Amino acid sequence: MGTALPGGGRTVGPERAGEVPHVLYVRFHPAPGEDVYQGLLTLLGEVTPVVEALPPDAALADVRGALRYFGRDAAGLAEIVRVRALARYGVDCTVGVAANPLLARMAAHEAQEARGAQEPGAVRTVPGDPDAVAAFLARKPAIALPGVGPATARTLSTYGLDSAARIAAAPLSTLQRILGAATARRVHAWARGIDPAPVTPNAPARAMGAEHRFRHDELDPVRRRRALLTLADGLGVRLRTSGQVAAAISLTVRYADRSTTTRTRTLTEPTAHTPALTAAAYALHDALGLQRARVRSVALRVEGLADAGLASHQLTFDPVDEKSRRLEAAADRARARFGVSAVRPAGFLDVA
């Protein structure tokens with residue numbers, strides 16, 4: 001292996017087998033605002049041009065081409081990112097380092113769990129050799145695999161497939177009967193630490209978001225829906241006030257164990273209409289099948305923002321829709337005159 005360097009990194013040396021870890025999954029703490037997030041992406045770009053934004057508070061970076069330039073391994077580069085983020089923005093980060101995005105995400109989550117909420121920053125590396133990958137995954141429950149939500153995990157557990165090791169050992173044909181062909185292939189690969197997806201450089205889409213943190217881990221789906229209504233109403237007001245419409249909406253659910261699930265839906269048409277945003281948020285939430293999941297927070301993010309003046313609206317000739325839009329316009333006028341809190345929807349949930 002490589003020689004130790006000051007600051008925790010190592011000179012790049014050959015792995016015993018497998019691929020050298022070169023992917024960083026970086027999660028920023030606390031969650032930065034839009035401007036700071038852009039600055040943090042620029043900071044990552046100083047290390048490697050291959051940066052994939054995962055707004056609002058994470059990013060992937062492929063540092064394969066930077067290892068020789070900096071004379072450090074990927075873990076050493078992760079420490080450089082941490083130091084610079086703290087020095088410039090006062091933002092710490094948890095970084096997972098591995099040979100692919102899947103393992104890097106899981107490593108970051110494990111690092112966060114080990115450190116706890118009071119000490120968010122850490123770097124966790126999954127070595128590239130197959131034995132180390134298998135050992136890392138062996139202890140993981142099915143829901144720890146990114147992309148496996150609570151509903152899929154419950155289905156797998158019904159058949160005794162409650163861990164990554166058991167899923168990896170199961171015949172693919174068995175998984176296909178349980179999950180369907182396409183999902184089974186993906187989950188089987190993930191359980192063996194295989195993720196062919198590359199880090200894709202991108203620019204974060206124009207977006208805005210909001211989050212509701214519950215005072216206690218929330219089991220009640222009614223309160224979760226009230227929180228989504230509150231968030232959707234606030235985002236709708238912000239969109240209309242800024243003269244914008246959104247093309248898509250995403251829901252992120254954070255659980256008591258600090259794992260997250262994110263789902264995105266493209267809207268029927270670009271809109272800033274609160275009922276349309278709320279309906280889409282409810283649909284995303286209901287599709288997760290959370291049942292007895294302990295939820296710590298929910299967040300909504302509207303994406304693909306565009307000028308409302310350039311957007312078209314399909315006329316429905318539905319008197320209910322027309323009345324809803326007239327009431328919304330009247331409520332916006334009242335808010336502009338008396339303040340944002342002057343008009344709130346029934347079921348509005350006060351911020352925790």
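Residues numbered from 1 in each chain as written. Predicted model: local features only at pLDDT ≥ 70, side-chain atom pairs only at ≥ 80, totals over all residues. Heavy atoms only, no water.

Per an unreviewed UniProt entry, the protein chain goes by the name UmuC domain-containing protein and belongs to Streptomyces javensis. What UniProt records for the protein chain under Sequence similarities (unreviewed entry) is the sentence "Belongs to the DNA polymerase type-Y family." (UniProt positions renumbered as here; feature names shortened; annotations may be inferred.)

(A) Quick look at the overall build of the protein chain. Secondary structure summary: the protein chain contains twelve helices and ten strands in total. Looking at the 352 residues of the protein chain, the share that counts as buried comes to 45%. If you sum the accessible surface of the protein chain, you get close to 17400 Å²; carbon and sulfur atoms cover 55% of it. (Helix = DSSP H or I, 4+ residues; strand = E, 2+ residues; numbered from the N terminus. Buried < 20%, exposed > 50% of the residue type's maximum accessible area, 1.4 Å probe, protein only. Areas by Shrake-Rupley, 256 points an atom, 1.4 Å probe, with all protein chains shown as cover.)

(B) Geometry of the packing of helix 1 (residues 34-45) against helix 3 (residues 74-89). Where helix 1 meets helix 3, the closest approach of the two axes is 10 Å, and the angle between their N-to-C directions is 145°. For the pair helix 1 and helix 3, the crossing hand works out as right-handed. Mapping the contact onto sequence places Val36, Gly39, Leu40, Leu43 and Leu44 in helix 1 and Val81, Arg84, Ala85, Arg88 and Tyr89 in helix 3. Taken together, the residues of the contact of helix 1 with helix 3 sort by class into seven nonpolar, one polar and two charged. (Axes fitted to C-alpha atoms, helices over the stretch in contact; angles between N-to-C directions. Left-handed = near helix turned anticlockwise from the far one by under 90°. Contact = heavy atoms within 4.5 Å. Nonpolar A, V, L, I, M, F, W, Y, C, P; charged D, E, K, R; others polar.)

(C) Representation of the side chain of aspartate 92. Looking at the element boundaries, aspartate 92 is found in strand 4 (residues 92-98). Those residues within four positions of aspartate 92 in sequence are excluded, and the remaining contacts are Arg27, Phe28, His29, Arg82, Leu86 and Gly121.

(D) Quick peek at the packing of helix 10 (residues 221-241) against helix 11 (residues 274-287). In contact at an axis separation of 8 Å, helix 10 and helix 11 are set at 145° when each is read in the N-to-C sense. Along this stretch, helix 10 crosses helix 11, giving a crossing that reads as right-handed. Counted together, Pro221, Arg224, Arg225, Leu228, Leu229, Ala232, Asp233, Gly236, Leu239 and Arg240 of helix 10 and Thr274, Leu277, Thr278, Ala281, Tyr282, His285 and Asp286 of helix 11 form the full contact between these two elements. Considered class by class, the residues forming the contact of helix 10 with helix 11 number eight nonpolar, four polar and five charged.

(E) Structural view of the sheet that holds strand 2 (residues 51-54). Spatially, the five strands line up as an open sheet ordered 2-3-1-4-5, and their pairing is mixed. With one partner strand each, in any of the chains shown, strand 2 and strand 5 (122-125) form the two edges of the open sheet. Here the strands of the sheet are splayed against their neighbours by 15° on average, with no regard to which way each runs. When strand 2 meets strand 3 (residues 58-62), the two strands line up antiparallel, connected through four bridges. Bridge assignment links glutamate 52 to a residue of strand 3, and that residue is leucine 60. Sheet strands touched by helix 3: strand 1 (23-29), strand 4 and strand 5. Its angle to strand 4, the strand with the most contacts, is close to 165°. (Pairing = 2+ DSSP bridges.)

(F) Structural context of the packing of aromatic side chains. Evaluation of the coordinates by the stated rule reveals two aromatic pairs. Plain terms: the ring middles of tyrosine 69 and phenylalanine 70 are 5.1 Å apart, the flat faces sit at 80° to each other, and that makes the pair edge-to-face. A cation over a ring is seen here: lysine 140 above phenylalanine 136, with NZ or CZ 4.1 Å from the ring centre. The ring of tyrosine 282 carries the charged tip of arginine 225 above its face, separated from the ring centre by 3.9 Å. (Phe/Tyr/Trp six-rings, centres within 6.5 Å; stacked < 30°, edge-to-face > 60°. Lys NZ or Arg CZ within 6 Å of the ring centre and 35° of its normal.)

(G) Highlighting the environment of alanine 329. Assignment of secondary structure puts alanine 329 in helix 12 (residues 319-338). Among the residues examined, alanine 329 registers a relative accessible area of 32% and is labelled partly exposed. Put simply, alanine 329 and arginine 240 are 89 residues apart on the chain and 9.4 Å apart in space, counted from C-alpha to C-alpha.

(H) Region of interest: unusual backbone geometry. Between histidine 29 and proline 30 the backbone carries a cis peptide bond, its omega angle lying at -10°. With respect to the helices, strands and loops of the structure, proline 30 is situated in the loop between strand 1 and helix 1. Here the amide bond leading from proline 55 into proline 56 is cis, since omega sits at 15°, within 30 degrees of zero. By the secondary structure assignment, proline 56 is in the loop between strand 2 and strand 3.

(I) Examining the nonpolar core more closely. Counting residues in hydrophobic clusters, the biggest one holds 33 residues, and the most contacted among them are Leu137, Leu145, Leu156 and Ile167. Contributions of two or more residues to this core are made by strand 1, strand 3, helix 4 (101-115), helix 5 (130-138), helix 6 (150-158), helix 7 (164-169), helix 8 (172-179) and helix 9 (181-191). Element by element, the count of residues in this core is highest for helix 4, at six residues. Once you skip the residues sitting within four places of it in the chain, leucine 145 turns out to touch Met106, Leu137, Ala164, Ile167, Trp190 and Ala191. Counting 30 residues, the second-largest nonpolar core is a separate cluster that includes Val253, Ala293, Val295 and Leu300. (Core = buried A, V, L, I, M, F, W, Y, C linked by side-chain atoms within 4.5 Å.)

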